[in-house]
Amino acid sequence: MKKTVAYIVALLLAISIVPVAAMAQSEPPATNADGKPYVFNEFKDTALDLTPYQGKAIWLNFFTGWCPYCMTEMPSIKQVFDEYDPSKIAIILVHVWDGENADDSKTVIEKFGLQDMVMVEDQDKSLSGLVGLSGYPTSFFIDQQGYLVGGTYGLTYEDMTGYMDQLGVTRLAGVTTETVTPAGTEA
């Protein structure tokens, strides 16, 4: 009888420890081998839930409609969106409502043909506060494992494609690499 009770207690203990051990192993290290921080879960329980993009590289672009530099980037962002494999990269535009509203989002979407892109509205500026945003436009690049690769203000098309290369994101078959002329500039 003692052997049976001891066996059952040992079995119950083993069963209760296995899920805890599995959870401990599923948490990634705080930094990767290059010292880059794990940031995938930073947006948990916010309007910018990254869970649907797990396993993809992620490009977050924080912008506002009144920012001329943001609007200069938009044609190139759209070009990158059209040229790169959507199964490998999630490009997410975060519209910070810095004196703006949903009408401004609609204007930007229509002007630059961004209807197929993911846009998150930062109405209360909580997302921009979470990342410590201090200027527009600001981009953050997160690798497929959830680690921050880099963040920068203002990007050229060449910068954008350089980040795609760094992230290991492939172009779609048959895509040419001609750059677009940003709106409001002459070729």
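The rules behind each value
- Residues numbered from 1 in each chain as written.
- Predicted model: local features only at pLDDT ≥ 70, side-chain atom pairs only at ≥ 80, totals over all residues.
- Heavy atoms only, no water.
- pLDDT = per-residue confidence, 0-100.
- Contact = heavy atoms within 4.5 Å.
- Helix = DSSP H or I, 4+ residues; strand = E, 2+ residues; numbered from the N terminus.
- Buried < 20%, exposed > 50% of the residue type's maximum accessible area, 1.4 Å probe, protein only.
- Polar contact = N/O pair within 3.5 Å; in protein donor to acceptor, adjacent residues only side chain to side chain.
- Salt bridge = Lys/Arg side-chain N within 4 Å of Asp/Glu carboxyl O.
- Pairing = 2+ DSSP bridges.
- Axes fitted to C-alpha atoms, helices over the stretch in contact; angles between N-to-C directions.

(A) Inspection of the confidence of the model for the protein at higher detail. With 76% of its residues at a pLDDT of 70 or more, the protein has an overall mean of 80. Contacts of residues 1-25 to residues separated by more than four positions or lying in other chains number zero contacts, the stretch itself having pLDDT below 50. Contacts from residues 183-187, a stretch scored under 50 in pLDDT, to residues over four places away or in other chains number four contacts.

(B) Fine view of the side chain of S139. Mapping S139 onto the fold places it in strand β4 (residues 138-142). We classify S139 as buried; its relative accessible area is 1%. Here W59 takes part through its side chain, which lies 2.9 Å from a polar atom of the side chain of S139. Filtering out sequence-adjacent residues up to four positions away, S139 remains in contact with W59, L60, N61, G150, G151, T152 and L155.

(C) Seen up close, the pattern of salt bridges. Summed over the entire model, instances satisfying the criterion amount to three salt bridges. With a shortest N-O distance of 2.9 Å, K78 and D82 are connected by a salt bridge. Taken together, the positions of K78 and D82, both in helix α2 (residues 68-83) and four residues apart, correspond to about one turn of that helix. Notably, a salt bridge pairs E83 with R171, separated by 2.6 Å at the nearest N-O pair. Taken as a pair, E83 in helix α2 and R171 in the segment after α5 (157-167) lie far apart in primary sequence, 88 residues in all.

(D) Summary view of the sheet that holds strand β3 (residues 118-122). Here we have five strands laid out as an open sheet, ordered β3-β2-β1-β4-β5, and mixed in their pairing. Single-partner strands in this sheet number two, and they are β3 and β5 (148-153). Pairs of neighbouring strands in the sheet enclose a mean axial angle of 20°, with direction left out of account. One ladder, built from seven bridges, connects strand β1 (residues 57-63) with strand β2 (residues 89-96); its direction is parallel. Residue pairing in the sheet places L60 in a bridge with I92 of β2. Docked against the sheet, helix α3 (residues 102-112) engages β1, β2 and β3, running at close to 155° with respect to β3.

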